[in-house]
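This is what each chain is made of:
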Amino acid sequence: QVQLVESGGGLVQAGGSLRLSCVASGRTSSRYTMGWFRQAPGKEREFVLAISWISGSTTYADSVKGRFTISRNNAKNTVYLQMNSLKPEDTAVYYCAAHTKALATMTSTSYDYWGQGTQVTVSS
């Protein structure tokens, strides 16, 4: 089992920045892909971006490319989501997730472990 705990959510003004953290514990693996998803009320869970733990290769949704950055710190078992130039449409609950394959995937059903989520609200 892998435990994922997100933190760093909150309320920010449009154009502002926020950094989310996801700490992984338990039976982790360097073969995993770590991803971030988000879900707004009435909408389906949406892929945001992901990173291969081994290589650091990243995959971004078009809506956040150029604004969001994912990174990881192996020693701390932590993955980060740096969110810049935030827009009101970025408002959602953000979830950290772990996929048991090294290759990044945008499909939420492919991920095996999930955090509880952290709320990000961007005001206008």
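Details of the structure are given in the entry above.
Residues numbered from 1 in each chain as written. Predicted model: local features only at pLDDT ≥ 70, side-chain atom pairs only at ≥ 80, totals over all residues. Heavy atoms only, no water.

1. Comments concerning the packing of aromatic side chains
Reasoning step 1: Counting across every chain of the model gives six aromatic pairs.
Reasoning step 2: Judged by centre distance (4.9 Å) and plane angle (80°), the ring pair of Phe37 and Tyr111 falls under edge-to-face. Linking Phe37 in strand S4 (residues 33-39) with Tyr111 in the loop between strand S9 (92-99) and strand S10 (113-114), this pair joins segments that are 74 residues apart in sequence.
Reasoning step 3: Note on Phe37: relative accessible area 0%, which makes it buried.
Reasoning step 4: Tyr111 gets classed as buried once you look at its relative accessible area, which sits at 5%. (Phe/Tyr/Trp six-rings, centres within 6.5 Å; stacked < 30°, edge-to-face > 60°. Helix = DSSP H or I, 4+ residues; strand = E, 2+ residues; numbered from the N terminus. Buried < 20%, exposed > 50% of the residue type's maximum accessible area, 1.4 Å probe, protein only.)

2. Here we look at the side chain of Glu6
Reasoning step 1: In this fold, Glu6 is placed in strand S1 (residues 2-7).
Reasoning step 2: Here Glu6 is buried and forms no salt bridge, its nearest opposite-charge partner Arg45 lying at an N-O distance of 9.2 Å.
Reasoning step 3: Among the polar contacts made by the side chain of Glu6, one reaches the main-chain amide nitrogen of Cys96 at a distance of 2.8 Å.
Reasoning step 4: A distance of 3.0 Å separates the side chain of Glu6 from the backbone nitrogen of Gly117, its partner in a polar contact. (Lys, Arg positive; Asp, Glu negative; His and termini not counted. Salt bridge = Lys/Arg side-chain N within 4 Å of Asp/Glu carboxyl O. Polar contact = N/O pair within 3.5 Å; in protein donor to acceptor, adjacent residues only side chain to side chain.)

3. Examining the sheet that holds strand S7 (residues 68-73)
Reasoning step 1: Here four strands make up an open sheet; going across it, the order is S1-S3-S8-S7 and the pairing antiparallel. The outermost strands of the open sheet, each flanked by one partner alone, are S1 and S7. For this sheet the average axis-to-axis angle between neighbouring strands, irrespective of direction, equals 20°.
Reasoning step 2: Across six bridges, S1 lies against strand S3 (residues 18-26) in antiparallel orientation. Paired with Glu6 across the bridge in S3 is Cys22. (Pairing = 2+ DSSP bridges. Axes fitted to C-alpha atoms, helices over the stretch in contact; angles between N-to-C directions.)

4. Some words on the pattern of salt bridges
Reasoning step 1: For the structure on display, the rule yields three salt bridges.
Reasoning step 2: As a salt-bridge pair, Arg38 and Glu46 come within 3.0 Å of each other at their nearest N and O atoms.
Reasoning step 3: Linking Arg38 and Asp90 is a salt bridge whose minimum nitrogen-to-oxygen distance equals 2.9 Å. In this pair, Arg38 sits in strand S4 while Asp90 sits in the loop between strand S8 (78-83) and S9, placing the two residues 52 residues apart along the sequence.

5. Concerning the environment of Val122
Reasoning step 1: Note that Val122 resides in strand S11 (residues 118-123).
Reasoning step 2: Counting along the chain gives 108 residues from Val122 to Ala14, while the straight-line C-alpha distance between them is 5.7 Å.
Reasoning step 3: Non-local contacts of Val122, meaning those with residues more than four positions away in its chain, are made with Val12, Gln13, Ala14, Leu86, Lys87, Pro88, Asp90 and Thr91. (Contact = heavy atoms within 4.5 Å.)

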